[in-house]
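# Architecture at a glance
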Amino acid sequence: MKTTVYRIQDTQGRGPFRPGIPGKWVDMERTAFPAEAQISKQRRIMSEADPDLSMGFACLTLADLRAWVTPTEYARLKTLGYHAVELKADKVWELEGQVIIGRKRALRKGVRM
């Protein structure tokens, strides 16, 4: 059974944490994001996942997604071409405050804004 998740991405399905992008939208006073998972756990999950899946980070609820970005940050993200989307994930690995998702389809396909 597929799981509905929410994430912020551009039209290519890329999230806003790729190199060079956070400096354009993250509030300068921010020191951390809520419940960031340990990098080693993220890497382990990604390395053990089926290589045919499109992988990314998401949230199980809109409330969780809203905890990751302030309204001001989201407004900046929108000017950079990013939007909150709803999509169905084939596989979900739960972390604290977010999930890693795997999809048989590309992250950019079959999403709802």
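Described below are features of the structure shown in this document.

Definitions and cut-offs
Residues numbered from 1 in each chain as written. Predicted model: local features only at pLDDT ≥ 70, side-chain atom pairs only at ≥ 80, totals over all residues. Heavy atoms only, no water. Helix = DSSP H or I, 4+ residues; strand = E, 2+ residues; numbered from the N terminus. Contact = heavy atoms within 4.5 Å. Polar contact = N/O pair within 3.5 Å; in protein donor to acceptor, adjacent residues only side chain to side chain. Salt bridge = Lys/Arg side-chain N within 4 Å of Asp/Glu carboxyl O. Buried < 20%, exposed > 50% of the residue type's maximum accessible area, 1.4 Å probe, protein only.

All right, on to the environment of Ala-89 then. Note on placement: Ala-89 falls in strand β3 (residues 83-89). Separated by 14 residues in the primary sequence, Ala-89 and Arg-103 have C-alpha atoms spaced 5.2 Å apart. Leave out the neighbours within four places in its chain, and Ala-89 touches Lys-2, Thr-3, Val-5, Ile-101, Gly-102 and Arg-103.

This part covers the side chain of Asp-10. Within the secondary structure, Asp-10 is located in the loop between β1 (3-9) and α1 (22-25). Of note is the side chain of Asp-10, whose polar atom sits 2.9 Å from the backbone nitrogen of Gln-12. The contact partners of Asp-10, leaving out residues within four places of it in the chain, are Arg-18, Gly-81 and Tyr-82.

Turning our eyes to something else, we now look at the pattern of salt bridges. As enumerated under the stated definition, the model contains five salt bridges in all. Among the salt bridges present, the one from Arg-18 reaches Asp-10, with a minimum N-O distance of 2.9 Å. For Asp-10, a relative accessible area of 14% puts it in the buried group.

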